[in-house]
Amino acid sequence: MILDSKIPEGPLAEKWEKHKFDVKLVNPANKRKYDIIVVGTGLAGASAAASLAELGYNVKAFTYHDSPRRAHSIAAQGGINAAKNYQNDGDSVFRLFYDTIKGGDYRAREANVYRLAQVSVNIIDQCVAQGVPFAREYGGLLANRSFGGAQVSRTFYARGQTGQQLLLGAYSALSRQVAYGKVKLYTRSEMLDLVVVDGKAQGIITRNLITGEIETHAAHAVVLATGGYGNVFYLSTNAKYCNVTAPWRAHKKGALFANPCFTQIHPTCIPVSGDYQSKLTLMSESLRNDGRVWVPATKETAERLRAGQIRVQDIPEEERDYFLERKYPAFGNLVPRDVASRNAKQMCDEGRGVGGSGLAVYLDFADAIKRNGADWVAQKYGNLFDMYAKITGENPYEQPMRIYPAVHYTMGGLWVDYNLQTTIPGLYATGECNFSDHGANRLGASALMQGLADGYFVIPYTIGDYLAKTAPKPVTTQHPAFQEAEAAVRTRIEKLMSINGTRTPDDFHKALGHIMWEYCGMARNAKGLEFAKAEIQKLRREFWSDLKITGLNEELNQTLEKAGRVADFLELGELMIDDAYDRNESCGGHFREEYATEEGEAQRNDDEYAYVAAWQYMGDNQPEVLHKEQLHFENVKLTQRSYK
């Protein structure tokens, strides 16, 4: 299979403008004749559905929540990047492009990333017009703060609720179109399969989560905006509902899955406190603007601290190791997430971790409070401090926060070309659901940027290019492909219900998560990956022979929902292992212990691995086939990343 990325010719800065002129258009009268399905109503989905409906298309939007406002996008706290350069500190579209390429360890397409940087400036204007309450400076300009991987302040924010406020803006735009009748909103509906007719995506199969009813829906094109698959690790910062089912079922219908092993570990999460936990809580990266990360300078001091013999306040300044500031003086605490995470793990592996488990480091605001006062800190980060206090019972104004890395974001996803179209014509993937813009590591505050860029400013142009070549004839669910897909969904549900074993879906999910975290988490090696693959295959066999589902299909049955998602996670986990095993280098969030510099940093192999790994499904229990999209760098020089 030849992967055609459809990157336009010409200078980097002119590609998107030229492409917008070259794409075919659908005239306004004909747009009313086309139906588009959008699956997912977070930032990427809500913005896409609203924008497409505003243009005149008939949109069906699906969410498994009771309201789009519950999408996991609300959990994004710290901000959204844009190259506005309000700070006058040297930012530009090219600098945002360069920081993103470098932050992703040179494993992303130049053209996609530059377009993202270009479009970023429009996103802010769009959101301000919608009434998003961004923080402002005294003179009225929107405020900015810094995030990891950048030496400029380009992150716009709404206190610590940026994702929620942006989602409310997108939701208002979506609601407007729902009221106009241009968007039909299906809540509590989960996509369980993609329908492909004559090689083109033309519909989906859904299950009503309240009644269990299986439904078919047809359209001229399908847009997936279903988020990431971090919950394959069981414990992650993702909402519990987040899953891989929609893109994975599309993958099994022919959509290639790219870079599945590129997983982001976020350095500032509240540490695990017990086996009873079902998820982890993120503390925004924005806290690293004013908080200082440190551990005791010696193992002996850390042991006394963990034993309760001394308090954190008893450790003098000279016995504290501000390790990020020491190792990376140019960026300090604002190094990219993969770098910060690996260093935190290293400190804990050396025995200098804090907290009862020793798996934590400090994030300390004492200097900021001394410098600016507690009220100033509360104004910028108050809701985050409140959240930390409620979860841990500790006052972060009086003692340092304890943090530790956790699974947060997945850079991998469905392979898409420059138009955001997958390898199935008519099927598009936006936001975290695709692989396209972040390479091997995402910079903080870039997820919101990509989701809104795709939904508001990219997909409205590119999907028209496809539809203009498609006859505006009505599409229905009468084609045999719909009946076949519906029957397959029913058969799968019946199979899950009939196993009648002894272990719950959560039990299998926890077991899978343990394997993935231990052997394909912050660090991987060949021996561990080989072991993990065998363990997952064993776990899959046990799942299909010993799964226990209570209740019926024809009702609200969250155990059944979870079982279907875990089944997909088990298959995805094996592919992630294969992808990590195949990539014999370290880059970004993919850290193979065999490939590291003398200083312990990630060591890329650009001669052999400067490509996108795109995997093709070949059938149940068959090895997937790897296809490679070579990455070409004409505007940046491939160098060893340095934040010193």
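Rules behind the numbers
- Residues numbered from 1 in each chain as written.
- Predicted model: local features only at pLDDT ≥ 70, side-chain atom pairs only at ≥ 80, totals over all residues.
- Heavy atoms only, no water.
- Helix = DSSP H or I, 4+ residues; strand = E, 2+ residues; numbered from the N terminus.
- Buried < 20%, exposed > 50% of the residue type's maximum accessible area, 1.4 Å probe, protein only.
- Polar contact = N/O pair within 3.5 Å; in protein donor to acceptor, adjacent residues only side chain to side chain.
- Phe/Tyr/Trp six-rings, centres within 6.5 Å; stacked < 30°, edge-to-face > 60°.
- Lys NZ or Arg CZ within 6 Å of the ring centre and 35° of its normal.

## What about the environment of Thr-162?
With respect to the helices, strands and loops of the structure, Thr-162 is situated in helix α6 (residues 162-180). With relative accessibility at 1%, the residue Thr-162 sits in the buried group. Between the C-alpha atom of Thr-162 and that of Gln-264, which follows or precedes it by 102 residues, the distance is 20 Å. A distance of 2.8 Å separates the side chain of Thr-162 from the backbone oxygen of Gln-77, its partner in a polar contact.

## Digging into the packing of aromatic side chains
Tallied over the full model, the rule gives 23 aromatic pairs. Relative to Trp-544, the ring of Phe-543 lies with its centre 5.3 Å away and its plane at 80 degrees, an arrangement referred to as edge-to-face. Its relative accessible area of 0% is what places Phe-543 among the buried residues. Using a relative accessible area of 25% as the deciding quantity, one classes Trp-544 as partly exposed. Connected via pairs of aromatic rings, a cluster forms that spans Phe-365, Tyr-381, Phe-385 and Tyr-397. In this structure, Arg-115 packs its charged tip against the face of Trp-16, placed 4.8 Å from the ring centre.

## Some words on unusual backbone geometry
The phi angle at Asn-85 is positive, at roughly 60 degrees, despite the residue not being glycine. By secondary structure assignment, the location of Asn-85 is in the loop between β3 (80-81) and α4 (93-103). In this structure, Asp-198 takes a positive phi of about 50 degrees despite not being glycine. For Asp-198, the position within the fold is in the loop between β6 (189-197) and β7 (200-208). Under the relative-accessibility criterion, Asp-198 is labelled exposed at 70%.

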